[in-house]
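Per-entry structural report
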Amino acid sequence: MPVEWGAITVKEILNPIGGTLISGVPETVPAGISTDSRNIGEGDLFWALRGETYDGHDFALKAMEKGASGVVVHGAWVQSEWRGNGLGAHFFAFSDRAVISVEDTLKALGDLAAWWRRRHRLKVIGITGSSGKTTTKEMTAAILELGNSTLKTQGNFNNLIGLPLTLLRLTRDHECAVLEMGMNRPGEIARLTDIAGPDVGVILNVGMAHLEGLSDIDGVARAKTELIERISLNGLMILNGDDVALMKRASLFSKPKMTFGLAKGNDVRGAHIRQEGTEGTRFSLQYRGNTWPVHVRIPGVHNVVNALAAAAVALSLNAPTGHIIEGLRSFSAIRGRFEVISLKGEVILVDDTYNANPSSLGAAIASVGSLVKAGGKIIVGLGEMLELGDASLAAHRDAGRRVAEGKAEWFFAMGDHARDMIEGARTAGMHQGRLKIVKTHHEMATEIGHVMSAGDLVLLKGSRRMQLEKVVEGLRRRTRTP
């Protein structure tokens, strides 16, 4: 029977999370769950998590003061702070509120989400890959929402905190859940799969991302295919059949599989691709001898592949083809993810600043050529790509080479590996006078503004922490009407 907040007691929560009620009333009924004391709602259960820069336990009392119905805390904290340092006395005014002790609050959050998910009858789709996860998740949801009440990951809530919190939003009305699954170290996808219990798993690609925790491309493949290893025997895996590293690793598993891609032999295939600049892309969707015309309003062949993955999910769930065509047509660009922006002066800005790794960078550079107008030039501004470990130097030089081969006329680089990117572009033939290292977002926006003119295209991309969206805003300010 489905469970819902506002109808489940603290007592019912204890067993799934291995918790002990050390204070308060077991019949307490939480209104919801929150990990942030700043926006906790009246009656919510506050879950104290420890991060790199914060400890939720420091805000447990504040959560009570703001109306929390209880708190979930580490057992070690109970021993050292609650009892050892007498902190429990401060909670005396809230003696009717629940204080639940668990061995590990992060693990307990996942355990509760796993239990919650299995108390609901619905189809769960888990999506992972080195790039394209969010776009594919949104495309998939856009299709499924046309016929089903669908829950989806909000923003990038795709980790060991975000995915459980998403699942804990499930209600009895939901028929589908589309979940993004991110990772940066071995074991995370396995744990997320155990929590989500997906009926359908999607692996978009295996690329050079998060190599600090995974060593090399084979390590990425092993980590991504934890989804295949841990999905149930009845689960279906949907795989990018054009990705050699992925398919090699996937061949080790006997789980049911469905492939998508551009090459012949894929179960779901895209053919007759026609790129129409800022109007997006048209292609033929082929499946089991049938062909349907599809229009996605965002450019780039890589987004055709994302659309094929979303279509494969929908086809596996027997969604009407009309829903697939309409859902993909209605999908619009996500901010910071190959978002095409028209600037004053007939300049096209491609904002791909949300994140970057070698795979997504290559896809972005390969796609912008179809957007530039006749006579216009391509200008590229890159921030460095983080978490590449020992591969950083080679990857950044290769990034510069890709910029040069993508016919860019100007290249501006920023970050600790800016010199390596510039060197890669110079070695590949770009003129030294059109290559420049910049130190700040303002400098990059200024330099690009000086060289761009009508008909030009500007591509901006970098890892999340490089914050190149500040350059986007700088260029928008420069071209804004006074």
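Here is a short report on the structure shown in this document. None of these values were measured; they are calculated from a predicted model. What you see as residue numbers is a count from 1 along each chain, following the sequence as written. Whole-chain, interface and lining totals are the exception, using all residues; otherwise, since this is a predicted model, local features are given only for residues with pLDDT of at least 70 and side-chain atom pairs are given and counted only at 80 or more. With hydrogens and water set aside, each side-chain value is computed from the structure's full complement of heavy atoms.

The next subject is the overall build of the protein chain. A run of DSSP states H or I qualifies as a helix once it reaches four residues; a run of E qualifies as a strand once it reaches two. Both are numbered from the N-terminal end. Counting its secondary structure elements, the protein chain contains 18 helices and 20 strands. Taken over the C-alpha trace, the protein chain has a radius of gyration of 24 Å; the compact-globule value for 482 residues is 23 Å, and the two agree within 12%. Along the longest, intermediate and shortest principal axes, the C-alpha atoms of the protein chain span 75 × 55 × 45 Å. In what follows, residue pairs with any heavy atoms lying within 4.5 Å of each other are defined as contacts. Across the protein chain, every contact between residues at least 6 apart in sequence was considered, and the portion connecting residues at least 24 apart equals 67%. To be clear on the numbers: accessible area is Shrake-Rupley with a 1.4 Å probe, and residue cover counts the displayed protein chains and nothing else. In the form shown here, the protein chain has an accessible surface area of approximately 20600 Å², with 48% of it arising from carbon and sulfur atoms. The positive count covers Lys and Arg only, the negative count covers Asp and Glu only, and His and the chain ends enter neither. One atom stands in for each charge, and that atom is NZ of Lys, CZ of Arg, CG of Asp or CD of Glu. Charge separation in the protein chain, taken as the distance between the mean sites of 56 positive and 52 negative side-chain charges, equals 4 Å. A radius of gyration in this sense is built from C-alpha atoms; the matching globule rule multiplies 2.2 Å by the number of residues raised to 0.38.

Looking now at the packing of aromatic side chains. Stacked, edge-to-face and tilted are the three classes for Phe, Tyr and Trp ring pairs, Trp counted by its six-membered ring, which pair at centre distances within 6.5 Å; planes under 30 degrees apart are stacked, over 60 edge-to-face, the rest tilted. Evaluated as defined, the whole model comprises three aromatic pairs. Ring centres of W115 and W116 lie 6.4 Å apart, and the angle between their planes is 70 degrees; on these two criteria the pair is classed as edge-to-face. Seen from their ring centres, W410 and F412 are 6.2 Å apart, and the 5 degrees between their planes marks the pair as stacked. Relative accessibility decides the category of a residue: with a 1.4 Å probe and only protein chains considered, values under 20% of the type maximum give buried, values over 50% give exposed, and everything between is partly exposed. Using a relative accessible area of 1% as the deciding quantity, one classes F412 as buried. Put simply, the rings of W5, W115 and W116 pair up and form one aromatic cluster. Two conditions define a charge located above a ring, namely a distance within 6 Å from the ring centre to NZ of Lys or CZ of Arg, and an angle within 35 degrees of the ring normal. Lying over the aromatic face of Y354, R337 brings its terminal NZ or CZ to 3.7 Å of the ring centre.

Position of D44 relative to the elements: it lies in strand β3 (residues 44–47). Salt bridges are counted wherever a side-chain nitrogen of Lys or Arg sits within 4 Å of a carboxyl oxygen of Asp or Glu. This buried residue, D44, is left without a salt bridge; K66 holds the nearest opposite charge, at 10 Å. Sequence-distant contacts of D44, defined by excluding residues within four places in its chain, comprise A31, G32, I33, S34, G67, A68, S69 and G70.

A word on the sheet that holds strand β4 (residues 70–74). Pairs of strands are assigned from DSSP output, requiring at least two bridges between the strands. Here five strands make up an open sheet; going across it, the order is β1-β5-β4-β3-β2 and the pairing mixed. Where the open sheet ends on each side, the last strands, each with one partner, are β1 (20–23) and β2 (32–34). When the angles between neighbouring strand axes are averaged without regard to direction, this sheet yields 30 degrees. As paired strands, β1 and strand β5 (residues 98–102) are joined by three bridges and run antiparallel to one another. From the neighbouring strand, L21 faces β5, where its bridge partner is I100. Only the stretch in contact is used when a helix axis is fitted, and all axes are lines through C-alpha atoms; the angle between N-to-C directions ranges over 0 to 180 degrees. Contacts from helix α1 (residues 10–17) reach β1, β3 and β5 within the one sheet, and its direction differs from that of β5 by about 10 degrees. Most of the contacts of helix α3 (residues 75–83) go to β4, to which it runs at about 105 degrees, and overall it touches β1, β4 and β5.

Positioned with a positive phi, H272 is a non-glycine residue whose angle comes to about 50 degrees. Within the secondary structure layout, H272 lies in strand β12 (residues 268–275). One non-glycine residue, N318, adopts positive backbone phi at about 60 degrees. Mapped onto the elements of the fold, N318 is located in the loop between α12 (301–316) and α13 (321–330).

You can see S34 is positioned in strand β2. For S34, a relative accessible area of 7% translates into the label buried. Sequence-distant contacts of S34, that is, excluding residues within four places in its chain, are made with N39, I40, D44, L45, F46 and W47.

For the rest of this paragraph, the subject is the sheet that holds strand β7 (residues 150–152). Across the sheet, nine strands lie side by side as β7-β8-β6-β9-β10-β11-β12-β13-β14; this open sheet has mixed pairing. Of all strands in the sheet, those bounded by a partner on one side alone are β7 and β14 (290–296). Adjacent strand axes in the sheet meet at a mean angle of 20 degrees, parallel and antiparallel pairs treated alike. Sheet analysis places strand β11 (residues 257–261) next to β12, joined by two bridges and oriented parallel. By the bridge assignment, F260 is partnered in β12 with V268.

What follows concerns the pairing of β4. Of all five residues making up β4, five are buried, and the element is well covered by its neighbours. For β3 and β4, the ladder comprises three bridges, and the chain directions are parallel. Counted as the bridge partner of L45 is G70 from β4. When the strands point away from the viewer and the connection leading from the first strand across the helix to the second strand turns clockwise, the crossover is called right-handed. Taken together, β3, helix α2 (residues 60–65) and β4 form a β-α-β motif whose crossover is right-handed. Sheet analysis places β4 next to β5, joined by five bridges and oriented parallel. Across the sheet, residue V73 finds its bridge partner in β5, namely S101. For the crossover from β4 across α3 to β5, the handedness is right-handed.

A word on the environment of M430. Mapped onto the elements, M430 comes out in the loop between α16 (418–427) and β19 (435–437). The class of M430 is buried, set by a relative accessible area of 9%. Sequence-wise, M430 and E405 are 25 residues apart; in three dimensions their C-alpha atoms are separated by 8.8 Å. What M430 contacts, discounting residues up to four positions off in sequence, is V403, A404, A408, E409, W410, F411, A425 and L435.

On to helix α5 (residues 133–144), then. Between the first and last C-alpha of α5 there are 16 Å, a value that for twelve residues agrees with the 16 Å anticipated at 1.5 Å per step. Among the twelve residues of α5, twelve are classified as buried, and the element is accordingly described as predominantly covered. Taken residue by residue, α5 has K133, T134, T135, T136, K137, E138, M139, T140, A141, A142, I143 and L144 as its buried positions. Buried-residue contacts for α5 involve β6 (123–128), β7, β8 (176–180), α12 and α13. Expected helix span is taken as 1.5 Å per residue step, with the number of steps being one fewer than the number of residues.

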